[in-house]
Protein chains: 2
Amino acid sequence: MSEPVTIAVDACGGDFAPQVVLDGVDAALSAEPALEVCLCGPEEVVAPFSEAHDRCRPVVAQQVIEMGEHPAEAVKAKRDSSIVVGCHLVRDGIAQGFFSAGSTGACLVASTLEIGRIKGVKRPALGIIIPAYKQPTLLLDVGANADCKREYILQFAQMGVAYMRSVMGVEDPRVGLLNIGEEPTKGSAFAQDCYQLLQDRLPSFAGNCEGGNLTQGDFDVVVTDGFTGNVALKTIEGTSKMLMKLLKDAFMSSVPSKMGALLAQGSLAQLKEKVSPDTYGGSPLLGVKGISIVGHGSSNANAIKNGILTGVREVRGHLDEVIAEVISQDGGASR
Amino acid sequence: MSEPVTIAVDACGGDFAPQVVLDGVDAALSAEPALEVCLCGPEEVVAPFSEAHDRCRPVVAQQVIEMGEHPAEAVKAKRDSSIVVGCHLVRDGIAQGFFSAGSTGACLVASTLEIGRIKGVKRPALGIIIPAYKQPTLLLDVGANADCKREYILQFAQMGVAYMRSVMGVEDPRVGLLNIGEEPTKGSAFAQDCYQLLQDRLPSFAGNCEGGNLTQGDFDVVVTDGFTGNVALKTIEGTSKMLMKLLKDAFMSSVPSKMGALLAQGSLAQLKEKVSPDTYGGSPLLGVKGISIVGHGSSNANAIKNGILTGVREVRGHLDEVIAEVISQDGGASR
């Protein structure tokens, strides 16, 4: 049997907490026999669930950080919140990873401040696996750092390569820079600067990736600042959502197309699963001392399960140690 | 009958020129009886076509600017190119608008330098109509200005409002700022600055628009810098393309789903048309003295037709005069 892996889970995170979180933890425990969970939240939620599940331990946290709260202030003020308490379990070595579908901002702040950054990492970055056509692509940063320096972008690329190698098993990840043209001289002054630095310093750099190629799977890792990355990610999600709605409208528009939809429903369900953000269930935060995964606020139980299992894979891939090694070897990035 | 409108058309623009351009012009002339075309290109292309079409006049241009050429250098060097010659027809009042599906960069440079900017306009911007779920949305800038100042963004918003009012018939356009959160304090330092300026100076400003809302149609106009706008536009196109491929794969994956696709084919064709970039057929360049429309390089005849007809609508809406008026009233934007 595999080594046990302990993940701290925020029972209060997400729009449908705690019920979908509990369902997700239940499914994750069934799917992964070596998983152990520290479930953080109010006693009345975590105690009965832990009672009923062998590999789940209750960790009482009396406060909840709400979605609308100012992240840094909330983390500072609510020391007994499920997010802060969960991060402390990782800091103290009781859990190896932390998962929450709660406030992304609060998770970023708490992970960075309470678990701590890996030595040499300038800015932790939030990644997301895009279900691109040919193969999954890791896009980062998708929102942790709205304003970036080019040195951050280089580190994002190094951390992204470490992720694809150690967690996704891609031997030679190809890195692209999100830009508005293929040639090195294309794009904003910042993008041109980044191109130069990546060209000089990153052996796996494979050139610019235009917005249109992001979902084709031409690259294993695509790096950009957190502003552009968040716009691109949300645009992909919004476009998929719009097309799925239009597809539904199209199927409902006539009797023959309704029958067509019935006949094709198996294949269409597979398509829906393929493009669903629930398949990976969470955004890894790269650059913290330990594993931290942030789930979508609208996560269902399946997304929660997959987010927790992604955490297990990251622990098994020793993601934080691999990143620490890559960053320490590249002292030059700190210049 | 309506007043005649003359559009100069680049016969050499696009990946499938000249044939699809000629087919597109033919279709546009049939669809719009008041349209007159000045067809710019090599004599052997433009002469026989004009011979066969009453409302088409040949304008010989011996050179072609290729897709890969450096825009500014090509425009400077190839004075007898179809793009430069077409722009001169607008400058000299022979045509009221110019359409090309050729090099976007060369069209931008030639339109800006040869036709000229409207007085007070700091930077012309490239717009695109996104076929969003509820209603079409004008996104700008989608690539003319990779680096922007916040004063440009305000002017983009003013020009966008003028476009939606005069060309699309939207009485009170709502303007959104592309950003990574809804609150005024969200986003990069630049986005926060833009928010403040739009809030202070643009009565139709309605707040931040996240990437996910871009395709929902919650706003009539969405403004951003040309880097972010181009990434967002290409991401929408790429995501649609990927989903359409996956949908095709899903339909081909089993016998029942193949039959389902056959039954639903009418509704699916309508869906495809609804999300196709060909429906509008071109990106208006806002801020030049006259009308200039840039088509997609991969335009088919239908896209060319629609691009030319969009030009006709812009001429009839007196777009350039409306923009000139808005900009001259707002002297403050030059501060």
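Quick summary incoming for the structure in this document. From a predicted model like this one, the values you see are computed outputs, not experimental measurements.

Let's shift gears to the interface of chain B and chain A. Tallying the contact residues gives 52 residues for chain B and 52 residues for chain A. Roughly 4,500 Å² is buried in total at the junction of chain B and chain A, and carbon and sulfur atoms are behind 71% of that figure. A per-residue breakdown of the area chain B buries against chain A is headed by B:Tyr133, B:Ile180 and B:Phe227, which together make up 15% of the total. Inspection of the chain B/chain A interface yields two salt bridges. As a salt-bridge pair, B:Glu210 and A:Lys234 come within 2.7 Å of each other at their nearest N and O atoms. For the interface between chain B and chain A, the tally reads 20 residue pairs in polar contact (both at pLDDT 80 or more). With 21 residues, the top contributor of residues to the side of chain B that touches chain A is helix α8 (residues 226–252) of chain B.

A few words now on the sheet that holds strand β6 (residues 137–140) of chain B. Residue and element names in this part refer to chain B. If you trace the eleven strands from one edge of the open sheet to the other, you get β3-β2-β1-β4-β11-β10-β5-β6-β9-β7-β8, paired in mixed fashion. Both edges of this open sheet fall to β3 (56–60) and β8 (205–209), since each of them pairs with a single strand only. Neighbour-to-neighbour, the strand axes of the sheet open up by a mean angle of 25°, direction not taken into account. Two strands pair when backbone bridges link them, and strand β1 (residues 5–10) and strand β4 (residues 97–100) are joined in this way by three bridges, in the parallel orientation. Following the sheet pairing, Ile-7 is matched in β4 by Gly-97. The strands that helix α2 (residues 43–52) touches are β2 (35–41) and β3; relative to β3, the one it contacts most, it runs at about 165°.

Next up on the list: the pairing of strand β7 (residues 175–178) of chain A. Note on strand geometry: in a regular strand, side chains alternate between the two faces of the sheet. All names here are of chain A. The alternating pattern of β7 places Val-175 and Leu-177 on one face and Gly-176 and Leu-178 on the opposite face, and all of these are buried. With three bridges joining them, β7 and strand β8 (residues 205–209) adopt parallel strand pairing. Its bridge partner lying in β8, Leu-178 is registered against Cys-209. Between β7 and its parallel partner β8, the chain crosses via helix α7 (residues 189–201), and the hand of that crossover is right-handed. In terms of strand pairing, β7 meets strand β9 (residues 221–223) through three bridges, oriented parallel. Bridging from a neighbouring strand, Gly-176 pairs with Val-222 of β9.

This next bit is on the sheet that holds β9(A). Residue and element names in this part refer to chain A. Pairing in this open sheet of eleven strands is mixed, and the strands run β3-β2-β1-β4-β11-β10-β5-β6-β9-β7-β8 from one edge to the other. Across the chains shown, the open sheet's two edge strands, defined by having one partner strand only, are β3 (56–60) and β8. Neighbouring strand axes in the sheet, compared pairwise and without regard to direction, differ in orientation by 25° on average. The sheet contacts of helix α1 (residues 19–31) involve β1 (5–10), β2 (35–41) and β3, and relative to β2 the element is tilted by about 165°. Strand contacts of helix α11 (residues 301–316): β1, β2, β4 (97–100), β10 (283–286) and β11 (291–294), with the helix running at about 140° to β1, the strand carrying the most contacts.

Here we take up the packing of aromatic side chains. Across all of its chains, the model carries three aromatic pairs over all chains by this definition. Ring centres of A:Tyr195 and A:Phe205 lie 5.1 Å apart, and the angle between their planes is 80°; this geometry places the pair in the edge-to-face category. Note that A:Tyr195 is positioned in helix α7 and A:Phe205 in strand β8, a separation of ten residues in sequence. A cation over an aromatic ring shows up here: A:Arg174 above the ring of A:Phe219, its NZ or CZ 5.5 Å from the ring centre. In this arrangement the basic side chain of A:Lys245 is found over the ring face of B:Tyr133, its NZ or CZ atom lying 4.1 Å from the centre.

For these two chains of identical sequence, chain B goes onto chain A by a turn of 180° and a shift of 0.0 Å along the axis, with RMSD 0.0 Å. The transformation relating the two chain copies, once decomposed into turn and shift, fits a two-fold axis. Considering only C-alpha atoms, the part of chain B nearest the rotation axis is B:Gly260, at 1.8 Å. Take the interface residues of chain B: 100% of them recur as interface residues in chain A, which is what a same-surface contact looks like.

Each value, and the rule that gives it
- Residues numbered from 1 in each chain as written.
- Chains lettered and ligands numbered in written order.
- Predicted model: local features only at pLDDT ≥ 70, side-chain atom pairs only at ≥ 80, totals over all residues.
- Heavy atoms only, no water.
- Contact = heavy atoms within 4.5 Å.
- Buried area = accessible area lost by both parts, 1.4 Å probe.
- Salt bridge = Lys/Arg side-chain N within 4 Å of Asp/Glu carboxyl O.
- Polar contact = N/O pair within 3.5 Å; in protein donor to acceptor, adjacent residues only side chain to side chain.
- Helix = DSSP H or I, 4+ residues; strand = E, 2+ residues; numbered from the N terminus.
- Pairing = 2+ DSSP bridges.
- Axes fitted to C-alpha atoms, helices over the stretch in contact; angles between N-to-C directions.
- Buried < 20%, exposed > 50% of the residue type's maximum accessible area, 1.4 Å probe, protein only.
- Right-handed = clockwise from strand over helix to strand, strands pointing away.
- Phe/Tyr/Trp six-rings, centres within 6.5 Å; stacked < 30°, edge-to-face > 60°.
- Lys NZ or Arg CZ within 6 Å of the ring centre and 35° of its normal.
- Least-squares fit on C-alpha atoms with pLDDT ≥ 70 in both.

That is the geometry; function is a separate question.
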